[in-house]
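Fold and contact review
Residues per chain are reported as follows:
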Amino acid sequence: MAAEKLRDLSQPIDVGLLDATVSAFYGTGSKEERTAADHILRELQNNPEMWLQVVHILSSTQNLNTKFFALQVLEGVIKYRWNALPVEQRDGMKNYISEVIVKLSSDEISFRRERLYVNKLNIILLVQILKHEWPSRWRSFIPDLVAAAKTSETICENCMAILKLLSEEVFDFSRGEMTQQKIKELKQSLNSEFQLIHELCLYVLSAASQRTELIRATLATLHAFLSWIPLGYIFESPLLETLLNFFPVPSYRNLTLQCLTEVATLNFGDFYNMQYVTLYNIFMVKLQSILPPNTNIPDAYANGSSEEQAFIQNLALFFTSFFKASLFLYCKSFFLKIALIFGVLESSPENISALVLGLEYLINISYVDDTEVFKVCLDYWQSLVLELFEAHHNLDNPAGLANMMGLQMPFAGMIDGLGPQLMQRRQLYVDPLSKLRLLMICRMAKPEEAMRETLIYLSHLDHEDTEKQMLKKLSKQLSGEDWTWNNLNTLCWAIGSISGSMMEEQENRFLVMVIRDLLNLCEITKGKDNKAVIASNIMYVVGQYPRFLRAHWKFLKTVVNKLFEFMHETHPGVQVGESEPFVSELLTSLPTTIADLEPHQIHSFYESVGNMIQAESDSQKRDEYLQRLMELPNQASLHRSKWAEIIGQARQSVDFLKDQNVIRTVLNILQGCLWLPMLCNCFVTTRDKYKCCKFTWNIFLGTNFTNLFGHAKRVQVFLHLIMLRFFGTCNTRNRMYSELISTNIAEGGPFASKTSYVKLLRSVKRETLKLIETFLDKAEEQPQIGKQFVPPMMDPVLGDYARNLPDARESEVLSLFATIINKYKGSMIEDVPHIFEAVFQCTLEMITKNFEDYPEHRLKFFSLLRAIATHCFPALICLSSQQLKLVMDSIIWAFRHTERNIAETGLNLLLEMLKNFQASEFCNRFYQTYFVTIEQEIFAVLTDSFHKPGFKLHVLAESGLLTEPLWDVTTVTYPYPNNAMFVREYTIKLLGTSFPNMTATEVTQFVNGLFESRNDLSTFKNHIRDFLVQSKEFSAQDNKDLYAEEAAAQRERSDSGCLLFLGLLLPMRYKMRWWTHR
């Protein structure tokens, strides 16, 4: 009964009942109560007449959540139907909201109490109404706002909040929300009227108010505006002086610093250099009184309040922004760049002193234990050292500098005059860079590319200081002054990171001293754990200097032998290291070396050895090394004997394979051998890859055959055995693994697939497929191998997939055949129909029931389809019309999928299909059949809120390439002169029907714009974005008639309601009349 009463909007809504419903939704009642309340509120929100009740609700309720609900309803109308409303209603709504805001913000108590409500009103007034009305239909908005701000301090505070929201909406959040033309119009209006805003801000800040909240709101508003306002308002007014006066005040310090940071990031050439330098010098004087230079900033940050920590963060942003802008004013002319550098902060002792002091502040801030603060500082340090390194390099290479500047060498003498200046500048940074090196050494992380690059540039700028700093830190480790695991790790990472930055002689001397000190440290340090950490760091450091190791083979052997000792060490972390073993000795002692390693470590070890073997230039030695490398797996009698035993028992009784222990043994054998083909990644030549794969199969085949194709029969027998035992065939009577899986799922239902027994069976099946896929993938550029191995798999694998229950089908089958087609390409064309017949229909039935089930099958299915479309396109042409339609329907279903990777796969697949058909003789027939459907579906996902793919719509039609008409000449009587005209007219009709809120003129302009901008991708995308914004709104031009009947019916219902419920509805009617005539 209560719900029906709320749904009846022919009379003023019962606000008390609405309050109760909203409270039930947000309350702690039962789930049923919340669900019922949610259902009612959704119905009301979707009712197109509900917005007429908003004024009545806002004026009657005291429940804040109810007010927010009413404002949500109003926001939807403003956002999507504003332009369709009569002018009187638009003006009435605008004036009503303005008056409510003024009323609530006029009184200090109500303003603080209703602050959330006022903020929501601000957003609706600003973000929604202003985007429609200002400036064309509300030109007086800025003057009215400024005038209202001067009437009351609380009103002024709220006006500042509105101006801040306006700036953010136009300059920060406008993309995708407004058309490009509207954004441009708003920006021009703000610029043209900013003088009033500027005067208001200075009026507030120049002692006109002592209210902290108002001053903070004004500073926050200025911060939002400073990035785009004309520079004259900043540098040719008292604004900077005013900001600097507020900087020492704790309440305003962070906001003021944010404003100054925005100023520091501005790009203004050299026009305001003097003001810029003055700003910096005054700032540094005031900063020293707030944060003395001798302050331990990391400790202050660690022990400070949130405001004090924010101050350090903002200080880091200010310094990095200011230094980047003032020191790196990159210009087209190198001479101008030098002039700017020496003219801004490096031209006088006073300025240089302030610059160096600022750099020291920033270095101290860089020690703060906060990742984000350090990243901000590191970004600047990297820029600084790169710029100094380039200047240093160019000074040493005048010919290269002359070429960079576009000068001929006869004029290179002009560069000689820059030498003293560059050397003077480099000398200026000697002390800060020395402190920066220590910082990088102390903060080095592994891996951290930005830090590594920074330290390398620092090393190039001064090798001696870099070496001195590192050896000094290492001596503190020896003395115990700085000894901790973390400090040692950090230092060794830093030492390893500068490999190659010194001359070879200097590097050798430096590395010898480092290794000597580390060995001494290992000797004097007690405790197995400590020694293990030191040993691991020694291995890391020497592994980072391959130039030294190549030049000192005896030392390399010593390192390798020590590394082998570590491989038998069980201490955590010691077995994880980097090495460059001596191959010949390594292969001899291979069994002993890997005896104590874990399987994944053996895998990494074999990959490393494979990389070293590939580096051998002598092909005979390389073959010998490869043979020796694979001897151990080939002699792994345990696996082979176990495998032979299992196969022998299975021949006698297939039930032997059902035992779970046997299944686990098979699984272990498969997993243990699966990594061996990965070694093929270590080899470059096809011949070496082939040999590696050949040796892998020897584990199962039990022979060291020299010619794979000479033993094709043996390989086929092996493959047949695997397929037969694990997948079965259509005429076998044995209950194979695949049949066991299907039987268990058929008898136990979907939950049977989650039992341990079925999971174990499926694991064997998956590992078998992965093993075959890996072998075929690594047998690169060997089409004969594909022809030899693929046919025997067709019936066991594909037939098994087709016959199985959906829950028993393995997605790896799809992955396997996608790999086969990607590998053997066109040679698989004849097999595509067989693949298509086996997997296509049954997989589609699995994945198209909803968007959730069988996620792995979805992605792998479309990957298989893309492989076919890319490499076996002629096979698709040979499909029947029904089969091709099924392919196109599946592609459309894919790009309509809500999961992004599947949707993108579908779009890429569609692109492949369109490109291939466009180049084929079947182009006309294909587009005649599918063009209209593709266009409809593309626009459907383009305008769907669930899909935002970056799809290039210019693939829809380059219809001039088609020679046959796209339309059906038997049903379309109008003789279109060409396909382009048909596409244009059809698209206009399609969009006009789909978006009745848009006028015919708007739709036509959009379609014409598509054709005009199809060769300019950037313009094309912006045109699409504007359309997506417009398509959500109702236009004011020709759309009023769309709501004429609705409006008439509403008036009729309102009038009849007034007669029936005069005492109740008459005030509402009067309210509407008052609203629409204000």
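A short tour of the structure in this document, coming up. Everything numeric here is computed off the predicted structure, so don't read it as measured data. All residue numbers refer to positions counted from 1 along the written sequence of the respective chain. Where totals are concerned, whole chains, interfaces and linings use all residues; where local detail is concerned, this predicted model gives features only for residues with pLDDT of at least 70, and gives and counts side-chain atom pairs only at 80 or more. Note: side-chain values were computed over all heavy atoms of the structure, leaving out hydrogens and water.

As for the overall build of the chain
- Only DSSP runs of H or I reaching four residues or more are called helices, and only runs of E reaching two or more are called strands; each is numbered from the N terminus. Helix and strand content of the chain: 56 helices and zero strands.
- Among the 1078 residues that make up the chain, the fraction classed as buried is 51%.
- Whether two residues are in contact is decided by their heavy atoms, any of which lying within 4.5 Å being enough. Put simply, of all contacts in the chain between residues at least 6 apart along the chain, 71% involve residues at least 24 apart.
- Methods summary: accessible areas were calculated by the Shrake-Rupley approach with a probe of 1.4 Å, and residue burial reflects only the protein chains presented. When the accessible area of the chain is evaluated, it comes to approximately 50200 Å², of which 53% is carbon and sulfur surface. Note on classification: 1.4 Å probe, protein chains only; a residue is buried when its accessible area is under 20% of the maximum for its type, exposed when over 50%, partly exposed between these limits.

Considering the pattern of salt bridges
- Note on definitions: salt bridges are taken to be side-chain nitrogens of Lys or Arg within 4 Å of carboxyl oxygens of Asp or Glu. In total, this model carries 33 salt bridges according to the counting rule given.
- Measuring nitrogen to oxygen at the nearest pair gives 2.8 Å for the salt bridge that ties R112 to E157. Here R112 is found in helix α7 (residues 108-113), whereas its partner E157 is found in helix α10 (residues 153-171), with 45 residues between them in sequence.
- For R766, the salt bridge is made with E810, and the minimal N-O distance between the two is 3.3 Å. Residue R766 is found in helix α43 (residues 756-778), and its partner E810 is found in the loop between α44 (783-803) and α45 (811-824); the two are separated by 44 residues along the sequence.
- Residue classification places R766 among the partly exposed residues on the basis of a relative accessible area of 25%.
- Take E810: its relative accessible area is 2%, and that puts it in the buried class.

Some words on the nonpolar core
- The nonpolar core is taken to be a set of buried Ala, Val, Leu, Ile, Met, Phe, Trp, Tyr and Cys residues, with the residues joined through side-chain atoms within 4.5 Å. Within the largest apolar cluster, 177 residues are counted, with the highest numbers of intra-cluster contacts made by I97, F283, L287, F319 and W381.
- Residues in contact with F319, not counting those within four places in the same chain, are Y280, F283, M284, L287, G358, Y361, L362 and I365.
- Of all hydrophobic cores here, the second largest spans 86 residues; its members include V790, Y801, I847 and L942.

Brief notes about the packing of helix α6 (residues 87-106) against helix α8 (residues 115-133)
- The axes used here are C-alpha line fits, helices contributing only the stretch in contact, and every angle between their N-to-C directions lies in the interval 0 to 180 degrees. α8 packs onto α6 with a crossing angle of 150 degrees between their chain directions and a minimal axis gap of 10 Å. It follows that α6 is roughly antiparallel to α8 by the angle criterion. The element α6 and its partner α8 pack so that their crossing is left-handed. Facing R90, D91, K94, I97, S98, V100, I101 and L104 of α6, the residues of α8 in contact are Y117, V118, L121, N122, I124, L125, I129 and E133.
- Ten residues, namely Ala, Val, Leu, Ile, Met, Phe, Trp, Tyr, Cys and Pro, are considered nonpolar, four, namely Asp, Glu, Lys and Arg, are considered charged, and the remaining ones, Gly among them, are considered polar. By residue class, the composition of the contact of α6 with α8 is 10 nonpolar, two polar and four charged. Here the word oblique covers every angle except those under 35 degrees (roughly parallel), over 145 (roughly antiparallel) and from 65 to 115 (roughly perpendicular). The sense of a crossing depends on the near helix, which, turned anticlockwise from the far helix by less than a right angle, makes the crossing left-handed and, turned clockwise, makes it right-handed.

Brief notes about the packing of aromatic side chains
- Two rings from Phe, Tyr or Trp (for Trp, the six-membered ring) form a pair when their centres sit within 6.5 Å of each other. Planes less than 30 degrees apart are called stacked, planes more than 60 degrees apart edge-to-face, and all others tilted. Enumeration according to the criterion identifies 37 aromatic pairs in this entry.
- Ring centres of F319 and Y361 lie 6.1 Å apart, and the angle between their planes is 15 degrees; on these two criteria the pair is classed as stacked. Taken as a pair, F319 in helix α19 (residues 306-327) and Y361 in helix α21 (residues 349-366) lie far apart in primary sequence, 42 residues in all. Y361 shares its class with F319; the two are buried.
- Among the aromatic residues, those joined into a cluster by ring pairs are F247, Y276, Y280, F283, F311, F318, F319, F322, F323, Y361, Y380 and W381.
- The lysine or arginine in question, R253, covers the ring of F311, its NZ or CZ lying 5.7 Å from the ring centre.
- We call a charge positioned over a ring when the NZ of a Lys or the CZ of an Arg lies within 6 Å of the ring centre and within 35 degrees of the ring normal. For R984, the ring lying beneath its charged end belongs to F1011, and the centroid distance is 4.3 Å.

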